[in-house]
Amino acid sequence: QVQLVESGGGLVQAGGSLRLSCAASGRSFTNYIMGWFRQVPRKEREFVAAISRYGAVTPYADSVKGRFTISRDNAKNTLYLQMNSLKTEDTAVYHCAASTRGTGPTPNVNDYAYWGQGTQVTVSS
């Protein structure tokens with residue numbers, strides 16, 4: 001299995017940028033399709049972006065398309081989420097997740113077996 005630890009969250013003004021990182025340890029990082037999800041209190045976890053094992057396919061939620069970029073460095077066992085033009089509605093706890101499913105990157109939260117603890121992102125107006 002794989003262990004995931006997120007970092008890089010914080011407080012930023014609207015219009016600003018943050019880069020989240022997710023460090024993976026355990027089995028080979030390239031075994032996993034990776035994803036970013038976010039959650040606010042009393043709501044379900046929401047898909048943000050995902051990336052295939054070698055980075056060729058990167059689907060995004062419509063709400064972040066054009067502002068967020070997912071990437072991975074397989075040599076460093078690390079997943080990233082570059083977030084630009086942040087909006088107050090991007091405020092949430094952001095989680096990285098790993099999937100061993102054979103199909104391509106998926107927005108379905110149930111397809112991901114491994115999760116990090118999350119990192120808080122707060123965007124102020």
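For every chain, the first residue of the written sequence is number 1, and numbering continues from 1 along that sequence. It should be noted that, the model being predicted, local features are given only for residues of pLDDT at least 70 and side-chain atom pairs only at 80 or more, the latter also being counted only at that level, while totals for whole chains, interfaces and linings use all residues. The side-chain numbers reported here are obtained from all heavy atoms of the structure, hydrogens and water having been left aside.

## Points about the state of the cysteines
The disulfide definition used here is simple: a pair of cysteine sulfur atoms within 2.5 Å. The tally for this structure, following the rule as stated, stands at one disulfide. The residue that forms a disulfide with Cys22 is Cys96, at a sulfur-sulfur distance of 2.0 Å. An S-S torsion of about 55° defines the bridge between Cys22 and Cys96 as right-handed. Taken together, the residues span a long stretch of sequence, with Cys22 in strand β3 (residues 18–26) and Cys96 in strand β8 (residues 92–99) at a distance of 74 residues. Note on Cys22: relative accessible area 0%, which makes it buried. For every residue, the accessible area (1.4 Å probe, protein chains only) is compared with the maximum for its type, and the residue is labelled buried under 20%, exposed over 50%, or partly exposed between those bounds. Exposure remark for Cys96: the relative accessible area of 0% places this residue in the buried category. The way it works is that DSSP assigns letters per residue, a run of H or I at least four long becomes a helix, a run of E at least two long becomes a strand, and they are numbered from the N terminus.

## Quick word on the nonpolar core
Residues belong to a common nonpolar core when they are buried Ala, Val, Leu, Ile, Met, Phe, Trp, Tyr or Cys residues joined through side-chain atoms within 4.5 Å. In terms of nonpolar packing, the biggest core is built from 35 residues, with Met34, Trp36, Leu79, Leu81, Met83 and Tyr94 touching the most fellow members. Of all the secondary structure elements, the ones that give two or more residues to this core are β1 (2–7), β3, β4 (33–39), β5 (46–51), β6 (68–73), β7 (78–83), β8 and β10 (119–124). Residue contacts follow a heavy-atom distance rule, with two residues in contact if any of their heavy atoms lie within 4.5 Å. Here Met83 is in contact with Gly16, Ser17, Leu18, Leu20, Arg67, Phe68, Tyr94 and Val121, once residues within four sequence places are set aside.

## Describing the side chain of Thr30
Take Thr30: it is sitting in the loop between β3 and β4. Each polar contact in these results corresponds to two N or O atoms within 3.5 Å; when the atoms are within protein, one needs to be able to donate a hydrogen and the other to accept it, and residues that are neighboring in sequence are counted only if both atoms are side-chain atoms. At 3.1 Å, the side chain of Thr30 and the side chain of Ser28 are in polar contact. Ignoring any residue separated from it by four or fewer positions in sequence, one finds Thr30 in contact with Arg53, Tyr54, Arg72 and Asn74.

## Here's the deal with the side chain of Asp111
Counting through the fold element by element, Asp111 comes out in the loop between β8 and β9 (114–115). Classification of Asp111 as buried rests on a relative accessible area of 17%.

Such coordinate-based values are descriptive only and should not be taken to indicate function.
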